[in-house]
Amino acid sequence: MRFLLRISGLIDAVNDGIGKLVYWLVLAAVLVSSVNAVVRYTFNTSSNAWLELQWYLFAAIFLLCSGYTLLRNEHIRIDIIVGRFSKRVQAAVDIFGILFFLFPMAILIMWLSWPMFMDSFRTNEMSSDAGGLIRWPAKLLVPVGFFLLSAQGVSELIKRIAFLAGAIDQPGEKMHSH
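Only a predicted model underlies this, so the values are computations on that prediction, with no experimental measurement involved. Residue numbers restart at each chain and count upward from 1, following the sequence in its written direction. Residue-level local features of this predicted model are given only where pLDDT is at least 70; pairs of side-chain atoms are given and counted only at 80 or more, and the full residue set underlies all totals for whole chains, interfaces and linings. Hydrogen atoms and water are omitted, and side-chain values are computed over all heavy atoms in the structure.

A. Examining the side chain of serine 120 more closely. We count a stretch as a helix when DSSP gives it H or I for four or more residues in a row; a strand needs E for two or more, and each element gets its number in order from the N terminus. With respect to the secondary-structure elements, serine 120 resides in helix 4 (residues 87-123). Burial here depends on accessible area, computed with a 1.4 Å probe over protein chains only, as a share of the maximum for the residue type. Under 20% is buried, over 50% is exposed, and the range in between is partly exposed. With relative accessibility at 1%, the residue serine 120 sits in the buried group. The criterion used for residue contact is that any of the two residues' heavy atoms lie within 4.5 Å. When residues no more than four places from it in sequence are discounted, the contact partners of serine 120 are Glu125, Arg135, Trp136 and Lys139.

B. Expanded view of helix 1 (residues 2-43). A helix's residues, less one, multiplied by 1.5 Å, set its expected span. Compared with the 62 Å implied by 1.5 Å per residue over 42 residues, the 61 Å span of helix 1 between its first and last C-alpha is a close match. Buried within helix 1 are the following residues: Ser8, Ile11, Asp12, Asn15, Gly19, Val22, Ala29, Val32 and Asn36. Those residues of helix 1 hidden inside the fold are in contact with helix 2 (48-64), helix 3 (66-71) and helix 5 (136-164). Residue asparagine 44 follows helix 1 closely and has a positive phi angle near 55 degrees.

C. Region of interest: the packing of helix 1 against helix 2. What counts as an axis is a line fitted to C-alpha atoms, over the stretch in contact for a helix, and the angles between N-to-C directions run from 0 to 180 degrees. The contact between helix 1 and helix 2 brings their axes to 9 Å, and the two run at 155 degrees. On the basis of the axis angle, helix 1 is roughly antiparallel to helix 2. When you trace helix 1 past helix 2, the crossing you get is left-handed. For the pair helix 1 and helix 2, the contacting residues are Ile18, Val22, Leu25, Val26, Ala28, Ala29, Val32, Ser33, Asn36 and Arg40 in the first and Trp50, Leu51, Leu53, Gln54, Leu57, Ala60, Ile61 and Leu64 in the second. Gly is put with the polar residues, along with every residue not named as nonpolar or charged; the nonpolar set is Ala, Val, Leu, Ile, Met, Phe, Trp, Tyr, Cys and Pro, and the charged set is Asp, Glu, Lys and Arg. Residues of the contact of helix 1 with helix 2, tallied by class, amount to 14 nonpolar, three polar and one charged. For classification purposes, an angle smaller than 35 degrees is called roughly parallel, one larger than 145 roughly antiparallel, one from 65 to 115 roughly perpendicular, and anything else oblique. Should the near helix be turned anticlockwise from the far one by less than a right angle, the crossing is left-handed, and should it be turned clockwise, the crossing is right-handed.

See below:
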């Protein structure tokens, strides 16, 4: 169990580090969006590349931080019923959700998005808009984001099982806080 908890800690550290790096993408998105708006309204001109960069940054923030959000237990939950249960029952419900909802969904999206990325990369797909950006970096964000989410799912699964086995006291930073 200690080995698995070390793996869980490593996954947590990776997603925590990526999450903290992506904070800077929020600043970049705000700056790009602000400059784009000022230029558009002041000089009555715009650039498709800058608009697409905004979309890419927005996608990167959400996709790359999905694992970080799961680590922090910040995904939206409705705990009207489960929140009243003991921590052990909550951990069992989380295990069920990870195995039967998170993993199938995340793995399927990773699997289906990879060929789309590869096709875009091989053809060096460009935006159909004049002055637009290459598409493959945005398409790469989908499988990478869902890989990070799946990896964090593995970590959360390990922690919930360790909690139920009595190896750790608390399975996550903020279990069922919403």
